[in-house]
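Take a look at the letters that make up each chain.
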Amino acid sequence: GAGVSQSPSNKVTEKGKDVELRCDPISGHTALYWYRQSLGQGLEFLIYFQGNSAPDKSGLPSDRFSAERTGGSVSTLTIQRTQQEDSAVYLCASSPDRAPYSPLHFGNGTRLTVT
Amino acid sequence: AQKVTQAQTEISVVEKEDVTLDCVYETRDTTYYLFWYKQPPSGELVFLIRRNSFDEQNEISGRYSWNFQKSTSSFNFTITASQVVDSAVYFCALSEAAGNKLTFGGGTRVLVKP
C-alpha cells in the first residue's frame, strides 16, 4: 500500500523566496504532523493536524511558517521569505489517530536548501 | 515539559558486537508512551517499538531488545550481534497521553563495520 508521500524530494531556493512543501498522508489517517530535521540534529516538531480540529501550531518557529490541510488529507507547509537557517529536511508523518496511541508513519522528507 | 535525551551521539562497533543505546526521558505525566525509530541512510524513519508507561516488561524481537525502567526514567535499546544493515540513526521518542506531539531525542548514529 502507499505510504506517506512528500514532494518535492529536493528543493533549492534563493534566500527571500517563498516555498511550498507538499505532504500526501496515508489514506484514512486523521492525524498529520510536520517535523524539521536540521543537519545532524534530532526532529523538531512544527505543527499537528487532527481531523477537523484546529491545528496545534505551537512548534512553528516564526510567522514565516504556515501550514494548511485541505479536506482532511493533503497538507502544504509554506515558508515565506526563506532564510538560510531554514535549510533542513522537512518530514511529514501521519497516523490513524492521535500520536500517543499510534506510531507515526513518516515520508521520505523534502530536503530544502536555501542559498 | 517533556524531554528526551540520548547522550551518545555516535557509536561505532565491529560486526557481531552488541551495542546498547541509552535513552533518558522527562515527563510530568503518569501516562505516556515511549518509542524507538530507526533512520537508515535512505532517510525514512521506521517505527521499531512502542511501550506505555504502565508496562515495564522488557521486550525482545529477534536481535533487538528493550529495557524500560521507570525508576531511572530510561528506555534503553540493545542490538545483539550487530550487522552492517543495522547502521543507521536511532531515535528515542516520548509522547504524553494528553499531548499532541512526539518529542524526539537527538538520535544516536550507529556505525557497524564489517
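A.B. asks: Can you lay out the nonpolar core for me, pointing to particular residues and giving the numbers?
C.D. replies: Residue and element names in this part refer to chain B. Leu21, Trp36, Phe75, Phe77 and Tyr90 are the most contacted members of the largest nonpolar core, which has 23 residues in total. Only strand S2 (10-14), strand S3 (19-21), strand S5 (32-39), strand S8 (64-69), strand S9 (74-79), strand S10 (88-96) and strand S12 (108-113) provide two or more residues apiece to this core. Looking at this core element by element, the count peaks at four residues for S10.

A.B. asks: Before we move on, could you go through the side chain of B:Ser74 and cite the residues and values that matter?
C.D. replies: Residues and elements named next belong to chain B. Following the sequence through the fold, Ser74 ends up in strand S9. Since its relative accessible area comes to 8%, Ser74 is described here as buried. Of the polar contacts made by the side chain of Ser74, one reaches the side chain of Thr72; its length is 2.9 Å. Not counting the four nearest positions on each side in its chain, Ser74 is found in contact with Cys23, Val24, Tyr25, Asn67, Phe68 and Gln69.

A.B. asks: Residues and numbers for the interface of chain A and chain B, please.
C.D. replies: Each partner contributes to the interface: chain A provides 20 residues, whereas chain B provides 20 residues. For the pair chain A and chain B, the summed buried area comes to about 1,700 Å², and 53% of that belongs to carbon and sulfur atoms. Among the residues chain A hides against chain B, the three largest losses belong to A:Leu43, A:Pro100 and A:Phe106. Together they make up 29% of the total. Joining chain A to chain B, the criterion identifies zero salt bridges. Elements with a contribution of two residues or more to the side of chain A that touches chain B: strand S4 (31-37) and strand S5 (43-50) of chain A.

Conventions adopted
- Residues numbered from 1 in each chain as written.
- Chains lettered and ligands numbered in written order.
- Predicted model: local features only at pLDDT ≥ 70, side-chain atom pairs only at ≥ 80, totals over all residues.
- Heavy atoms only, no water.
- Core = buried A, V, L, I, M, F, W, Y, C linked by side-chain atoms within 4.5 Å.
- Buried < 20%, exposed > 50% of the residue type's maximum accessible area, 1.4 Å probe, protein only.
- Helix = DSSP H or I, 4+ residues; strand = E, 2+ residues; numbered from the N terminus.
- Polar contact = N/O pair within 3.5 Å; in protein donor to acceptor, adjacent residues only side chain to side chain.
- Contact = heavy atoms within 4.5 Å.
- Buried area = accessible area lost by both parts, 1.4 Å probe.
- Salt bridge = Lys/Arg side-chain N within 4 Å of Asp/Glu carboxyl O.

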